[in-house]
Amino acid sequence: MPYIKKLVMKGFKSFPKETEILLDKSMNVIVGPNGSGKSARWDTEVLLASGDKKPIGEIVEESLKKSKANKKIDDGIFTKENPLGIKVLSINPETMKIEESEIKAFIKREGEPNLYTIKTNTGKEVTTTSCHPVMIYRDGKIVSEIVENLKQGDFIATPNILNLEEKALDISLPSLSKDFNHEEFARFLGYIVGDGCIIPSHRIDFVNADLEIIKDYANIVNNLGFKVSIKDGKQSIAKNIYLNSSRFSKDLVRLFNNKYKKEGKHIPKQILFSKKNILKNFLAALFDCDASVRKDNPTFEYVTMSEELANNVILGLLRFGIISRKNKKLKCATNTELKKKREYFHITIEGKEKISQLYENIPLKCIHKKELLRKWANNPIISNTNNDLIPLEVNKEIKEIFNLLGVKLKPIRKAYPFLMAYVENRCNASRRGLSKIIPFIEEKLSILISNYNNLCLNQATLVKSMLTLNISGQEASKQIGLNKCIIMRDWNTNRFHAKPENLQKLYNLIKITLKERIIKITALFMHLNNLANSDIFWDKIEKIEKVKGEKYVYDLEVEENHNFIANNIFVHNSNITDAICFVLGRLSIKSMRA
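In this text the structure is predicted, and so the values were computed from the model without any measurement.

A. Region of interest: the overall build of the chain. Looking only at helices and strands, the chain features 17 helices and 25 strands. In the chain, buried positions account for 51% of the 594 residues. Counting only contacts in the chain whose residues sit at least 6 apart along the sequence, the fraction spanning at least 24 positions is 69%. With the model as given, the accessible surface of the chain reaches about 29900 Å², and the carbon-plus-sulfur share is 49%.

In structure tokens form, the structure reads like this:
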């Protein structure tokens, strides 16, 4: 009876280096949860399907604590139970859409001396072990690659949009009536986080110079059941607006979990994960206070001292499909005499397309900012496509599909000037550029399908179909056993009529070629269409830094898609049992289970 002597893995998922497992004739059991050997730092924030985010360490520790079936591994502990019923959001590598996925295991392992922090061009960061994979594009597929094998300039998958459940605002404050207006309250909170100050057990102050903002703020406060007093600033044109209510100020301190000053500012989770109509009012008020719009190019910028608030804003904008970039800068505050430099986080939205999305989705009240956004949104300038690029490897599929379609590129160069650059691999395709050629591909595919369905034993029709496929007359003549000049010299010019048996040979050749190409083109078309309309933003790695390790690291096993969103980056988990299934010709571990 044959048996497996050893299992050798190299370049398979999380086994880039050759790994050998010896097996004997006795029963062998390889145990390991999905995610073994791959882990992230405790503070890595995981986006949950319920509309929440929590540190992975907290998720794992709570699950282990409440689980009744924890199991030990050589360097840690895990559970296959999910006592809290937690689900995450993951990317489906086939459809390239974000889906809700079950968590099948929670893993805690001993840490390593060093971890690695990936930093992307848009300011995203995630810190993991060297063998923890993220999602990349390779050989026409979305696959995982461990951090150790990545380098500066590589593209990794991150969310392009977050379609979360539209949850009602779940906030109850004793100082407010039960029927308070949720949209107005969200805008009020945005104003407070932007230009406000909560003085516990006393009052809430707000300082601003724009009359339309002052009017809106005072109106909202009045609708919430309070009164304001407005006084002129002593050294500026800004107005000081006072709301005296010790009870309301205490409620707000609790709402913000006692983190309401400078570096501690954030968007309360109840707002961040509520209905988009509520969130957009908060963001609008926040931007009315502290954001700016450039006059010389389509750029919007928001600045804050709080990194948590900056990350909240990035996530909030993602709910509207708006990609932003985070930069950390040292600068002096403009409203202080002490010119001490401190860290500030700049959130930037660039390009006409993203500015248009901002203008359409976030209802600013500040007139001059709103007008500048409208100006750029309606400006006829061509959008910068370099803000949303696709990995260079996609150019191979673009070139292949145009070859299969039989399209000659020179005649369409003027209509699609960027296409030649893609085919010649001179630059990355952009999402917008790919979207533009999708209808052209679809049209040409429809023509091929029509030709296939209507193909007949007609000399002129067959020659025309041959030319449509960009098959040379010489090549076709040779394949059906004729002199290389026959088809183009004699049949195409009607100099001679083809013999019925030769015509049948050409018919068969074209029919088979059409069928094969239609199958390949259809698959490529669906793949390119998925890329153009995916939920993925391909973010380029700016640098990878070695950092100090942690005592413990954590991981999750995710059903089906085997990835989850951590710090706004898709991170992957896989396991050794996948390798066994692969060797045995099984596509699913489910088929291995008793």
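B. View of the packing of aromatic side chains. Following the criterion strictly, the structure yields 15 aromatic pairs and no others. A centroid spacing of 6.0 Å and a plane angle of 75 degrees characterise the contact between Tyr-191 and Tyr-217, whose relative ring orientation is edge-to-face. Taken as a pair, Tyr-191 in helix H2 (residues 182–195) and Tyr-217 in helix H3 (residues 211–223) lie far apart in primary sequence, 26 residues in all. Relative to Phe-440, the ring of Phe-402 lies with its centre 6.0 Å away and its plane at 15 degrees, an arrangement referred to as stacked. One end of the pair, Phe-402, is in helix H10 (residues 394–405); the other, Phe-440, is in helix H12 (residues 431–454), with 38 residues separating them in the sequence. The class of Phe-440 is buried, set by a relative accessible area of 11%. Here the aromatic residues Phe-180, Phe-185, Phe-188, Tyr-191, Phe-206, Tyr-217, Phe-226 and Phe-248 are joined through ring pairs into a cluster of three or more. Over the face of the ring belonging to Tyr-552 we find Lys-108, whose NZ or CZ atom lies 4.2 Å from the ring centre.

C. Broad picture of the packing of helix H6 (residues 276–290) against helix H7 (residues 307–318). Interhelical geometry of H6 versus H7 gives an angle of 130 degrees and a closest axis separation of 11 Å. Classed by the angle they form, the pair H6 and H7 counts as oblique. The handedness of the crossing between H6 and H7 comes out as left-handed. When H6 is examined against H7, the residues Leu-279, Leu-283, Leu-286 and Phe-287 are found in contact with a partner set consisting of Leu-309, Val-313, Gly-316 and Leu-317.

D. Broad picture of the environment of Asn-277. Mapped onto the fold, Asn-277 is located in helix H6. Remark: the alpha-carbon pair of Asn-277 and His-182, spanning 95 residues in sequence, is separated by 9.3 Å. Among the polar contacts made by the side chain of Asn-277, one reaches the side chain of Lys-280 at a distance of 3.2 Å.

E. Inspection of the pattern of salt bridges at higher detail. As enumerated under the stated definition, the model contains 32 salt bridges in all. Where Asp-539 meets Lys-124, a salt bridge forms, and the shortest distance between an N and an O atom there is 3.1 Å. Taken together, the residues span a long stretch of sequence, with Asp-539 in strand S22 (residues 536–548) and Lys-124 in the loop between strand S9 (114–120) and strand S10 (125–128) at a distance of 415 residues. Judged by relative accessible area, Asp-539 falls into the buried class, the value being 2%. By relative accessible area, Lys-124 is classed as buried at 9%.

F. Structural context of the state of the cysteines. Per the stated rule, a full pass over the model turns up zero disulfides. Cys-366 provides the cysteine sulfur closest to Cys-289, a residue in no disulfide bond, and the two sulfurs are 9.2 Å apart. Take Cys-366: its relative accessible area is 0%, and that puts it in the buried class.

G. Expanded view of the pairing of strand S6 (residues 76–79). Note: strand S5 (residues 70–73) against S6, four bridges, orientation antiparallel. The residue of S6 that forms the bridge with Asn-70 is Thr-79. Hairpin geometry of S5 and S6 is characterised by an intervening segment of two residues between the two adjacent antiparallel strands. Summarising the sheet, S6 and strand S8 (residues 98–110) pair through four bridges and their orientation is antiparallel. What sits directly across from Gly-76, in S8, is Arg-109.

H. Focus on the nonpolar core. Counting 136 residues, the largest nonpolar core has Phe-185, Phe-188, Phe-287, Ile-398 and Phe-402 as its most contacted members. Of all the elements, helix H16 (residues 500–532) adds the most residues to this core, at 13 residues. The next biggest cluster of nonpolar side chains, apart from the first, holds 25 residues, and it includes Ile-59, Ile-103, Phe-106 and Leu-556.

I. Looking closely at the sheet that holds S9. An order of S10-S9-S22-S13 is seen for the four strands of this open sheet, with the pairing classed as antiparallel. Strand pairing shows two members of the sheet lacking a second neighbour, S10 and strand S13 (155–159), which therefore form its edges. Adjacent strand axes in the sheet meet at a mean angle of 40 degrees when their direction is disregarded. Here S9 runs beside S22; their pairing, made up of seven bridges, is antiparallel. If you follow Thr-120 over to S22, its bridge partner there is Ile-541.

J. Looking closely at the pairing of strand S12 (residues 141–146). As paired elements, strand S11 (residues 133–138) and S12 share six bridges and run antiparallel to each other. Bridging across to S12, Arg-138 finds its partner in Lys-141. Here S11 folds back onto S12, and the loop between the two strands holds two residues, one of which, Asp-139, carries a positive phi near 55 degrees.

K. The packing of H2 against H3, seen in detail. Where H2 contacts H3, the two axes come as close as 10 Å, and the packing angle between them is 125 degrees. On the basis of the axis angle, H2 is oblique to H3. Classified by chirality, the crossing of H3 by H2 is left-handed. Judged by residue contacts, Glu-184, Arg-187, Phe-188, Tyr-191 and Ile-192 of H2 engage Ile-213, Asp-216, Tyr-217, Asn-219, Ile-220, Val-221 and Asn-223 from H3. Grouping the constituent residues of the contact of H2 with H3 by class yields seven nonpolar, two polar and three charged.

L. Just the environment of Cys-366, in detail. Mapping Cys-366 onto the fold places it in the loop between helix H8 (352–361) and helix H9 (367–378). In this structure, the C-alpha to C-alpha distance between Cys-366 and Ala-284, residues 82 residues apart in sequence, is 9.2 Å. Residues contacting Cys-366, with those up to four places away along its chain left out, are Asp-210, Glu-212, Ile-213 and Asp-288.

M. Main features of unusual backbone geometry. Positive phi, normally seen in glycine, also occurs at Asn-257, with a value near 50 degrees. You can see Asn-257 is positioned in the loop between helix H4 (246–255) and helix H5 (269–272). In this structure Asn-257 comes out as exposed when scored by relative accessible area, which is 59%. Even without glycine at this site, Lys-262 takes up a positive phi of about 30 degrees. Mapped onto the elements of the fold, Lys-262 is located in the loop between H4 and H5. On the basis of relative accessibility, which here comes to 49%, the residue Lys-262 falls in the partly exposed class.

Reading the values: rules and limits
Residues numbered from 1 in each chain as written. Predicted model: local features only at pLDDT ≥ 70, side-chain atom pairs only at ≥ 80, totals over all residues. Heavy atoms only, no water. Helix = DSSP H or I, 4+ residues; strand = E, 2+ residues; numbered from the N terminus. Buried < 20%, exposed > 50% of the residue type's maximum accessible area, 1.4 Å probe, protein only. Contact = heavy atoms within 4.5 Å. Areas by Shrake-Rupley, 256 points an atom, 1.4 Å probe, with all protein chains shown as cover. Phe/Tyr/Trp six-rings, centres within 6.5 Å; stacked < 30°, edge-to-face > 60°. Lys NZ or Arg CZ within 6 Å of the ring centre and 35° of its normal. Axes fitted to C-alpha atoms, helices over the stretch in contact; angles between N-to-C directions. Parallel < 35°, antiparallel > 145°, perpendicular 65-115°, else oblique. Left-handed = near helix turned anticlockwise from the far one by under 90°. Polar contact = N/O pair within 3.5 Å; in protein donor to acceptor, adjacent residues only side chain to side chain. Salt bridge = Lys/Arg side-chain N within 4 Å of Asp/Glu carboxyl O. Disulfide = S-S within 2.5 Å. Pairing = 2+ DSSP bridges. Core = buried A, V, L, I, M, F, W, Y, C linked by side-chain atoms within 4.5 Å. Nonpolar A, V, L, I, M, F, W, Y, C, P; charged D, E, K, R; others polar.

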